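# Structural characterization, general
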Amino acid sequence: MKIESIGRLGRAAAGAAFLLLPTLPGFVRAQQSALPVAPASAAPKDDGQWSLAQKNFAATRFSELEEISTKTVKNLQVAFTFSLGIKPHGEEAAPLVVDNTMYVVTAFPNILYALDLTQPGAPMKWAFKPQPPSAAQGVACCDVVTRGSAYWNGKVIINTLDGQTIAVDAKTGKQVWRTPLADINKGESVTMAPLVAKGKVLVGVSGGEFGVRGWVQALDADSGKVVWKAYSTGPDKDVLIGPDFKPFYDSEKGKDLGVSTWPPDAWKIGGGTAWGWFAYDPDLNLVYTGIANPGPWNNEQRPGDNKWTCGIFARDLDSGQARWFYQMNPHDEHDYDGVNEIVLLDLPYKGSMRKVLVHPDRNGYMYMLDRTNGEVLYANTYAPTNSITGVDLKTGRPTINPEKQTKLGQVVRDICPTASGSKDWNPSAYSPRTGLLYVPHENLCMDWESVQANYIAGTPFVGANVVMKPGPGGNRGEFTAWDVSNGKIAWQIKEDLPLWSGALTTAGDVVFYGTMDGWFKAIDAHSGDLLWKFKTASGIIGQPIAYRGPDGHEYVAVLSGVGGWAGAIVPGNLNPHDRTGALGFVGTMGDLKQKTTAGGMLYVFSIPQS
Amino acid sequence: MYSRSRNRELRSICIAVATVLIGACAKGSETSVAQAPPDRPSVQGTPVSGLFPGGGSAPPADPLAAKYLGDPKAIAEGARLFDWYNCAGCHFHGAGGIGPSLADADWIYGGSMDQIYATIYQGRPNGMPSWGGKLSTTEIWEIAAYVRDFANKNAAAAADPVAPLPPVRDDQVRMPEIAANAPTPQQ
């Protein structure tokens with residue numbers, strides 16, 4: 001039987017066999033050969049902790065804990081809560097759990113709390129207040145969020161909104177080192193969760209709507225000293241492109257494309273930030289970095305492919321030297337950042353084992369790339385689209401629909417997906433037990449009018465009036481289970497509001513996600529059937545995690561607190577009657593202020609022990 | 001009610017357009033307020049709080065405030081500058097985004113002309129840039145006049161927290177492929 005033709009039932013049967021005979025090596029191997037698995041080096045055996053926002057280097061967000069299962073999840077109850085104690089903003093971070101301590105980092109002013117899980121009610125051990133300057137809030141395009149922290153070797157590492165990376169002693173809460181990386185007066189900020197790999201902290205800048213010249217930096221995790229810095233635009237030497245750079249497609253080949261694919265000097269303010277997700281393959285020693293949109297949004301101010309924006313770089317972790325780059329959206333005209341999660345998997349594909357990365361792009365296409373060389377294995381839609389009609393696997397380039405290209409002084413209507421994409425930053429989860437990638441995302445379209453953007457350092461550099469609207473069917477959100485091997489949708493759940501929370505899946509075959517009106521939901525990983533839900537105090541845009549508590553039982557944690565780009569209308573008390581507000585998101589969230597209110601809170605759930 | 005505010009809006013657009021035309025014709029004339037001497041008001045004298053310990057009161061507003069308030073040419077010029085200096089990048093066209101809405105009745109740092117002037121000139125701690133070194137006094141007054149006028153026209157509508165969603169269009173959209181045997185999850 002060809003691997004591609006194994007259907008859902010076949011997989012379910014394999015899964016059932018796996019459950020019944022977990023120790024039989026033959027079945028384990030069969031399971032592993034049939035379904036994609038994360039490389040063991042990037043997703044080691046689960047220790048019941050959660051030390052990176054994305055769980056592991058492969059970014060699977062899969063927990064091997066199974067106490068909370070399809071059978072037991074109905075009994076889930078709140079174990080404890082914790083108020084984040086700041087002026088309400090969108091809480092996008094994943095909590096961490098290491099050594100029976102939970103670490104929670106808040107939106108601006110980026111307070112890091114340590115909670116003692118060994119004590120009833122998980123009292124606070126310490127709070128670290130980094131005190132970033134308030135002015136940084138003026139250069140954050142889309143609410144003053146952070147997407148989390150990372151634990152490494154006795155330190156919790158956070159990024160502040162103004163772009164300081166800080167290591168905090170996990171035991172004492174005292175600062176170990178602090179490295180300023182960004183300059184708010186150039187429009188730079190940092191909102192991403194750092195990735196720590198092999199003693200290096202990887203940080204990418206935000207500010208693609210402020211004329212930032214994008215970069216990724218690697219810091220020594222012990223000292224905070226910068227080891228390398230790679231720009232996303234400009235001459236090869238600044239981008240760390242050298243003799244090792246061997247991209248798969250011809251359009252990525254050539255000298256100094258980071259200069260020549262732009263009008264003179266436009267690359268200096270051309271975006272290409274890296275505010276989303278990275279992944280790391282220890283076997284290849286490659287770090288994968290998602291690169292965001294070119295600036296300004298008005299594409300007529302920057303003719304050319306605008307390298308190296310809207311793509312994925314593979315870089316040597318030690319030197320930062322680029323190995324390959326793949327551009328999903330050359331000369332982006334719709335704000336389709338390439339920063340969404342990058343999930344590393346190995347699978348048999350068309351007769352041979354491939355090391356791949358899976359990436360649900362903003363443009364509505366799910367990409368599966370060979371992560372050794374950047375070749376696109378498939379690029380199939382997971383949401384309604386009309387701005388791109390397909391991806392040419394020979395050239396790697398998207399086929400652009402000329403009717404949905406954006407133009408200066410003209411309103412182009414009903415472009416799908418919208419600027420925030422079929423899916424934005426909020427990460428998917430992958431279960432090796434089902435072979436499905438669980439993708440929380442949006443179903444939005446937009447009207448777009450390009451206008452002249454005026455560069456003033458430290459102020460927005462956008463050049464577009466956008467109004468978002470519900471996509472086909474009117475449901476603004478979708479939760480999609482993506483069959484990775486076959487490159488198509490296994491099933492979908494429609495949601496009224498855009499999904500802006502991450503997903504979590506577990507060996508209990510349960511998938512968790514939250515909605516912007518505050519429901520925290522558990523669904524069956526096989527069927528998508530709703531098994532349990534709980535209404536939290538505010539909309540959920542955080543990343544759920546699972547961990548084993550000191551009592552040996554499984555817990556699930558998530559931050560509630562609406563905001564972010566999609567939810568900015570609530571904490572910012574924006575006026576819904578100007579639909580261009582918040583870069584167009586207000587247009588499709590005119591009802592959100594009536595559906596939820598702002599306020600950050602940690603919720604932790606478990607099954608009560610009788 | 002609805003048609004009355006529509007009329008008012010139309011009337012103000014007509015006035016603004018006429019003013020731009022007149023302004024263009026009268027270019028170089030000495031009478032326009034926009035060309036008033038660039039007096040620098042004392043922003044230190046502009047209170048942002050309504051509390052005056054010991055029974056004090058707010059000092060009189062800068063006389064220039066009254067000169068620019070409601071002046072159609074200043075408002076039209078302020079609208080242009082609002083876009084030029086990327087104010088719209090944060091405040092958009094009344095909704096707000098990075099910065100607060102300027103269409104509603106909430107004024108964090110005060111909504112009088114001289115308070116708006118002081119906010120633009122000095123900046124404010126939570127992200128409002130300090131424009132005093134970049135803009136002329138006249139430009140700041142013009143932007144303040146535009147902002148004040150804009151709020152006057154829109155505050156009533158902005159008080160409603162809910163706006164209807166735009167209509168759904170699903171023509172010319174490619175739907176993604178779904179597995180033939182895909183279940184319909186029970187919600």
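Reading the values: the criteria
Residues numbered from 1 in each chain as written. Chains lettered and ligands numbered in written order. Predicted model: local features only at pLDDT ≥ 70, side-chain atom pairs only at ≥ 80, totals over all residues. Contact = placed C-beta atoms within 7 Å. Helix = DSSP H or I, 4+ residues; strand = E, 2+ residues; numbered from the N terminus. Nonpolar A, V, L, I, M, F, W, Y, C, P; charged D, E, K, R; others polar. Expected span 1.5 Å × (residues − 1). Axes fitted to C-alpha atoms, helices over the stretch in contact; angles between N-to-C directions. Parallel < 35°, antiparallel > 145°, perpendicular 65-115°, else oblique. Left-handed = near helix turned anticlockwise from the far one by under 90°. Bend = angle between axes of the 7 residues up to and from the residue. Domains from an automatic or database assignment. Buried ≥ 20, exposed ≤ 12 C-beta atoms within 10 Å, placed from the backbone. Pairing = 2+ DSSP bridges. pLDDT = per-residue confidence, 0-100. Core = buried A, V, L, I, M, F, W, Y, C linked by C-beta atoms within 7 Å.

## Concerning the interface of chain A and chain B
Across the boundary between the two partners, chain A contributes 63 residues, which contact 47 residues of chain B. Where the side of chain A that touches chain B is concerned, the elements lending two or more residues are β22 (376-381), β29 (464-470), β31 (488-495) and α6 (592-595) of chain A. Each residue belonging to the side of chain A that touches chain B can be placed in one class, and the counts come to 26 nonpolar, 27 polar and 10 charged.

## Description of helix α3 (residues 72-84) of chain B
The first and last C-alpha atoms of α3(B) sit 18 Å apart over 13 residues, in line with the 18 Å expected at 1.5 Å per residue. Positioned one or two residues after α3(B), B:Asn86 has a phi angle of 65 degrees, which is positive.

## Concerning the packing of α3(B) against helix α6 (residues 137-158) of chain B
All names here are of chain B. It is at 7 Å that the axes of α3 and α6 come closest, and there the two elements cross at 100 degrees. In this view, α3 runs roughly perpendicular relative to α6, as classed from their interaxial angle. Packed against α3, whose contacting residues are Ala74, Ile75, Glu77, Gly78, Ala79, Leu81 and Phe82, the element α6 presents Glu139, Trp141, Glu142, Ile143, Ala145, Tyr146 and Asp149 at the interface.

## Brief notes about the packing of helix α5 (residues 113-122) of chain B against α6(B)
Residues and elements named next belong to chain B. Packing of α5 against α6 leaves a shortest axis separation of 9 Å and a crossing angle of 125 degrees. Considering their axes alone, α5 and α6 lie oblique with respect to each other. Crossing angle aside, the handedness with which α5 passes α6 is right-handed. Residues Met113, Ile116, Tyr117, Ile120 and Tyr121 of α5 pack against Ile140, Trp141, Ile143, Ala144, Val147 and Arg148 of α6. Residues of the contact of α5 with α6, tallied by class, amount to 10 nonpolar, no polar and 1 charged.

## Overview of α6(B)
Relative to the 32 Å expected for 22 residues at 1.5 Å per residue, α6(B) spans 29 Å between its end C-alpha atoms, a close match to the ideal helical length. Residue B:Asn152 marks the point of greatest curvature in α6(B), where the axis turns by about 40 degrees.

## Considering the environment of A:Ala59
Residue and element names in this part refer to chain A. Checked against the element boundaries, Ala59 lands in the loop between α2 (25-34) and β1 (62-63). In sequence terms Ala59 and Leu345 are 286 residues apart; their C-alpha atoms lie 9.6 Å from each other. The contact partners of Ala59, leaving out residues within four places of it in the chain, are Gln54, Trp277, Ala279, Glu341, Ile342, Val343, Leu344 and Pro427.

## A few points about the domain arrangement of chain A
Taken domain by domain, chain A comprises domain 1 (1-34) and domain 2 (35-606). For domain 1 of chain A and domain 2 of chain A, the distance between their C-alpha centroids amounts to 31 Å.

## A closer look at the pairing of β31(A)
Residue and element names in this part refer to chain A. Counting buried positions over the 8 residues of β31 gives 6, a clear majority of the element. The pairing of strand β30 (residues 477-483) with β31 spans 7 bridges and is antiparallel. Opposite Phe479, over in β31, you have Ile493 as the bridge partner. With antiparallel pairing between neighbouring strands as the criterion, β30 and β31 make up a hairpin whose turn holds 4 residues, including Gly487 at a positive phi of roughly 65 degrees.

## So, the confidence of the model for chain A
In the predicted model, chain A carries a mean pLDDT of 95, and 95% of its residues have values of at least 70. This model gives residues 1-32 of chain A a pLDDT under 50, and the stretch forms 27 contacts once residues within four places in sequence are excluded.

## A look at the environment of B:Leu51
Residues and elements named next belong to chain B. Here Leu51 shows up in the loop between α1 (2-25) and α2 (63-68). C-beta crowding within 10 Å serves as the criterion here: with 6 such atoms nearby, Leu51 is assigned to the exposed category. Sequence separation between Leu51 and Pro72 is 21 residues; the distance between their C-alpha atoms is 33 Å.

## Focus: the nonpolar core
Judged by nonpolar contacts, the single largest core of 230 residues is most densely connected at A:Ala279, A:Val343, A:Trp482, A:Val511 and B:Ala144. Top element by residues in this core is α6(B). It accounts for 9 residues. When sequence neighbours within four positions are dropped, the list of residues in contact with A:Val511 reads A:Ala429, A:Tyr438, A:Ala503, A:Leu504, A:Thr505, A:Ile523 and A:Ala525.

## Let's talk about unusual backbone geometry
Residue and element names in this part refer to chain A. Note that the residue after Phe108, namely Pro109, is joined by a cis bond; omega there is 10 degrees. Inspection of the secondary structure puts Pro109 in the loop between β4 (101-105) and β5 (112-116). Geometrically, the link from Cys416 to Pro417 is a cis peptide bond, its omega value of 0 degrees lying close to zero. Summarising the element assignment, Pro417 is placed in the loop between β25 (411-415) and β26 (429-431). Non-glycine residue Lys55 carries a positive phi angle of around 75 degrees. Along the chain, Lys55 falls in the loop between α2 and β1. For His331, which is not glycine, the phi dihedral falls at a positive 45 degrees.

## Some thoughts on the sheet that holds β29(A)
Residues and elements named next belong to chain A. Pairing within the open sheet is antiparallel, and its 3 strands lie in the order β25-β28-β29. This sheet does not close on itself; its edge strands, each paired only once, are β25 and β29. For this sheet the average axis-to-axis angle between neighbouring strands, irrespective of direction, equals 15 degrees. In the sheet, strand β28 (residues 444-450) pairs with β29 via 7 bridges, with the strands oriented antiparallel. Residue pairing in the sheet places Ser450 in a bridge with Ala464 of β29.

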